[in-house]
Amino acid sequence: MDWARRDAPVIAALTTLVAAKSRWGFWKCWGRLRLDGHPWNHKRLWRVYCQLRLNLPRRTKKRLPARLRQPLVVIPHPNAVWAVDFMSDTLYGGRRFRTFNVLDEGVREGLAIEIDTSLPAERVIRVLEQVVSWRGQPQAIRLDNGPEFLADRFVTWCAERAIQLWHIQPGKPDQNALIERYNRTYRTEVLNAYVFESLDQVRAISADWLQSYNEERPHDALAGLPPAAYRAQLEARSSPLKLSP
């Protein structure tokens, strides 16, 4: 390559400097070479810098779309609005794990607690499909702006089923207060109450707790009824509900 032969001194000086200072950008390299007595102007150095593909990619923060504040109005009806959220904890050996929690806001019923070391968007979709298969689908889901919930495949999955997504505003967990309260109870009664040695142990204890929470534990906001009993009472006297988009 003609340019490589012509710019051999520039290439040698530049590659030596970048090898020693791998995180320096172009202007720091140019300034250092000028201080070292090299006469090349910045245009020539920039051309060689780019031809060697030394220009580092810049990290940019993904801009979230503007989010409107969603009113936290509880619709006392099953499958009107679900709330979803993630939690994390650590096994006794130091291995971290996550939980994906699903709550039916209208009846305060826990629908799922999925537990694993990684819960990407595909896994979130699979869990929701399993819940929908026995419970029916919600009309809306309240959620934060985590990458799993912004993934195209998750957004498409909800759109294909006409499920509205009610994203809370960034940094405002109070806008998803019902599942935050549910998460606090789960952490107090399960995650902080046991020393877990395996994921299977977390899953078994969480499943027992979820059944007890839904079927036995009185809920103050439900007139002292457990969520499952409250839901049965509503279904016996309610007509189908349709949310406006």
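See the structure shown above.
Residues numbered from 1 in each chain as written. Predicted model: local features only at pLDDT ≥ 70, side-chain atom pairs only at ≥ 80, totals over all residues. Heavy atoms only, no water.

This next bit is on the pattern of salt bridges. Using the criterion set out here, one finds 18 salt bridges in the structure. Here Arg217 makes a salt bridge to Glu189, at a shortest N to O gap of 3.5 Å. Of this pair, Arg217 sits in the loop between helix 9 (199-215) and helix 10 (227-237) while Glu189 sits in helix 8 (residues 177-191); the two residues are 28 residues apart in sequence, bridging distant segments of the chain. Here the salt bridges share partners, and the residues they tie into one network are Asp104, Glu109, Arg135, Arg231 and Glu235. (Salt bridge = Lys/Arg side-chain N within 4 Å of Asp/Glu carboxyl O. Helix = DSSP H or I, 4+ residues; strand = E, 2+ residues; numbered from the N terminus.)

Bringing the environment of His38 into the picture now. Relative to the helices and strands, His38 is located in the loop between helix 3 (26-35) and helix 4 (42-51). Judged by relative accessible area, His38 falls into the partly exposed class, the value being 27%. Once residues lying within four places of it in the same chain are set aside, the contact partners of His38 are Ala13 and Leu33. (Buried < 20%, exposed > 50% of the residue type's maximum accessible area, 1.4 Å probe, protein only. Contact = heavy atoms within 4.5 Å.)

The next subject is the sheet that holds strand 4 (residues 140-143). Across the sheet, 5 strands lie side by side as 3-2-1-4-5; this open sheet has mixed pairing. Every interior strand has two partners, whereas the edge strands, strand 3 (109-116) and strand 5 (164-167), have only one. Taken over all neighbouring pairs, the strand axes of this sheet differ in orientation by 25° on average, direction set aside. Looking at chain direction, strand 4 and strand 5 are connected through 4 bridges and run parallel. Across the sheet, Arg142 pairs through a bridge with Trp166, a residue of strand 5. Of the strands in this sheet, strand 2 (96-104) and strand 3 touch helix 9, which is tilted by about 175° from strand 3. (Pairing = 2+ DSSP bridges. Axes fitted to C-alpha atoms, helices over the stretch in contact; angles between N-to-C directions.)

Our focus in this paragraph is the pairing of strand 1 (residues 81-90). Successive residues of a regular strand alternate their side chains across the two faces of the sheet. Within strand 1, 8 of the 10 residues are buried, which leaves the element mostly enclosed by the surrounding structure. Judged from the 3 bridges that link them, strand 1 and strand 4 form a sheet pairing that is parallel. Following the sheet pairing, Ala83 is matched in strand 4 by Arg142. Relative to strand 2, strand 1 runs antiparallel, the two sharing 9 bridges. Bridge pairing in strand 2 places Asp85 opposite Asn101. Linking strand 1 back to strand 2 in an antiparallel pair, the connection comprises 5 residues, with Gly94 at a positive phi of about 100°.

Before going further, it helps to examine the pairing of strand 2. Taken across its 9 residues, strand 2 has 7 buried, putting it largely inside the fold. One ladder, built from 7 bridges, connects strand 2 with strand 3; its direction is antiparallel. Bridge pairing in strand 3 places Arg98 opposite Asp116. Counted along the chain from strand 2 to the antiparallel partner strand 3, the turn is 4 residues long, and its residue Arg108 has a positive phi close to 55°.

Moving on: the packing of aromatic side chains. Taken as a whole and judged by the stated rule, the model has 15 aromatic pairs. A centroid spacing of 6.3 Å and a plane angle of 50° characterise the contact between Phe100 and Phe149, whose relative ring orientation is tilted. Taken together, the residues span a long stretch of sequence, with Phe100 in strand 2 and Phe149 in helix 6 (residues 147-150) at a distance of 49 residues. Looking at Phe100, the relative accessible area reads 1%, which means it is buried. Taking the centre distance of 5.2 Å and the plane angle of 85° together, the rings of Tyr182 and Tyr213 count as edge-to-face. With Tyr182 in helix 8 and Tyr213 in helix 9, the pair connects residues that are 31 residues apart, well separated along the chain. Judged by relative accessible area, which is 2%, Tyr182 ranks as buried. Members of the aromatic cluster, joined through ring pairs, are Phe26, Trp27, Trp30, Trp46 and Tyr49. Sitting over the face of the ring of Phe86, Arg98 holds its NZ or CZ atom 4.2 Å from the ring centroid. (Phe/Tyr/Trp six-rings, centres within 6.5 Å; stacked < 30°, edge-to-face > 60°. Lys NZ or Arg CZ within 6 Å of the ring centre and 35° of its normal.)

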